[in-house]
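Geometric and topological summary
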Amino acid sequence: PNLRRDNFVVYENGVRQQNATVDIEHAPVTLAVLMEFGGRAPGVNRQMGDEVAKAAQELLDELGPEDKVTFWKYSDQVQKLADANQSRDAVKTELITMGTPAVSETNLYDAIIATVAEMRPVRGRKAIVLITSGIDTFSKAHYEDARKAAEESDEPIYVISLTQVLRQIMQMQDRPL
């Protein structure tokens, strides 16, 4: 995002061109943000839910006006939280008011497979952002199924790990991880 014209030099037949112009263009992107939301004891869920909402809001703040984003949350099931057609303010409100996740399982592998399927018909530049601890406690699918779905998709999956946050929360509560 910080590329500037002076980051580029144009050479023709080994000779630097002084009169070349460079235009930086950012093609719009369509993102699916898949957020872990549950799977632990109520006190841990509250703190993890706050961290997930904060990370999602920061990501939303970095997107350009032409970018589209859909937010999904998962625990024992995948649920659409905010649609790409909603205003940014409405999406922020959804993120702020997510509340405390219920005690549940975390079906990470099932959620990845479902999100990849949702993104399949999307055309253009696209990606999935996964905000997760990486813990799966009860998916019907297995790790290999989720890996295969990701490999066969045409969008990259970027992971924002909650492992450090979870470790800090557990240490504050004097619980083993």
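Calculation rules
Position labels on residues start from 1 in each chain and follow its written sequence. In keeping with the predicted nature of the model, local features appear solely for residues at pLDDT of at least 70, side-chain atom pairs appear and are counted solely at 80 or more, and the whole-chain, interface and lining totals rest on all residues. Neither water nor hydrogens contribute to the side-chain values; these are computed over all heavy atoms in the structure. Only DSSP runs of H or I covering at least 4 residues are called helices, and only runs of E covering at least 2 are called strands; the numbering of each starts at the N terminus. Using a 1.4 Å probe on the protein chains alone, a residue whose accessible area is under 20% of its type maximum counts as buried, one over 50% counts as exposed, and one in between counts as partly exposed. For accessible areas, the Shrake-Rupley method is used with a probe of radius 1.4 Å. Any residue's cover is judged against the shown protein chains and nothing else. Nonpolar core, defined: a set of buried Ala, Val, Leu, Ile, Met, Phe, Trp, Tyr and Cys residues in which side-chain atoms within 4.5 Å join the residues together. Note on contacts: a residue pair is in contact if any heavy atoms of the two residues lie within 4.5 Å. Only strands that DSSP links by at least two bridges are regarded as paired with each other. In this description, a line fitted to the C-alpha atoms serves as the axis of each element, helices being fitted only across the stretch in contact, and the angle between N-to-C directions of two axes falls anywhere from 0 to 180 degrees. Patch criteria: residues need more than 30% relative accessible area and no salt bridge. Like-charged residues are merged within 9 Å; nonpolar side chains of Val, Leu, Ile, Met, Phe, Trp and Tyr are merged within 5 Å. By definition, a salt bridge exists where a carboxyl oxygen of Asp or Glu is found within 4 Å of a side-chain nitrogen of Lys or Arg. Lys and Arg are tallied as positive, Asp and Glu as negative. Neither His nor the chain termini are counted. Taken as the charge centre is NZ of Lys, CZ of Arg, CG of Asp or CD of Glu, depending on the residue. Under the rule applied, a polar contact is a pair of N or O atoms within 3.5 Å (in protein, one hydrogen donor and one hydrogen acceptor; residues adjacent in sequence only if both atoms are side-chain atoms).

**Thoughts on the overall build of the protein**
Across its full length, the protein holds five helices and seven strands. Across the protein, helices and strands are ordered from the amino to the carboxyl terminus as β-β-β-α-β-β-α-α-β-α-β-α. C-alpha extents for the protein along the principal axes are approximately 65 × 35 × 35 Å. Looking at the protein as a whole, 38% of its 177 residues are labelled buried. Of the roughly 11,000 Å² of accessible surface on the protein, 49% is carried by carbon and sulfur atoms.

**Considerations on the nonpolar core**
Side chains that are nonpolar tend, in soluble globular proteins, to be buried together. Among the nonpolar cores identified, the biggest contains 29 residues, and Val33, Met35, Phe71, Leu95, Met98 and Ile131 are the most heavily contacted of them. Of all the secondary structure elements, the ones that give two or more residues to this core are strand 3 (30-36), helix 1 (42-62), strand 4 (68-74), strand 5 (78-82), helix 2 (88-96), strand 6 (126-132) and helix 5 (163-172). Per element, the largest residue contribution to this core is eight residues, and it comes from helix 1. When residues no more than four places from it in sequence are discounted, the contact partners of Met98 are Met35, Phe37, Gly49, Val52, Ala53 and Leu81. One finds Tyr74, Val116, Ile128 and Ala146 within the second-largest nonpolar core, a separate group that totals 14 residues.

**Description of the sheet that holds strand 6**
The strand order across the open sheet formed by five strands is 5-4-3-6-7, and the pairing between neighbours is mixed. Every other strand in the sheet has two partners, leaving strand 5 and strand 7 (157-161) as the edge strands with one partner each. Here the strands of the sheet are splayed against their neighbours by 25° on average, with no regard to which way each runs. Inspection of the sheet shows strand 4 paired to strand 5 by four bridges, in the antiparallel sense.

**Overview of a negative patch on the surface**
On the surface, Asp50, Glu51, Glu58 and Glu62 cluster together into a patch of negative charge. Tracing the backbone through its elements, the reader meets Asp50 in helix 1. Look at Asp50 and you get partly exposed, because its relative accessible area is 48%.

**Here we look at the environment of Glu151**
Mapped onto the secondary structure, Glu151 falls in helix 4 (residues 143-152). In this structure, the C-alpha to C-alpha distance between Glu151 and Leu95, residues 56 residues apart in sequence, is 29 Å. Among the polar contacts made by the side chain of Glu151, one reaches the side chain of Arg147 at a distance of 2.5 Å.

**Some words on the environment of Gly14**
With respect to the element layout, Gly14 can be found in the loop between strand 1 (11-12) and strand 2 (15-16). Overall, Gly14 belongs to the exposed group, its relative accessible area being 67%. When the C-alpha positions of Gly14 and Val44 are compared, they lie 60 Å apart, and in sequence the two are 30 residues distant.

Bear in mind that shape data such as this cannot, by itself, settle questions of function.
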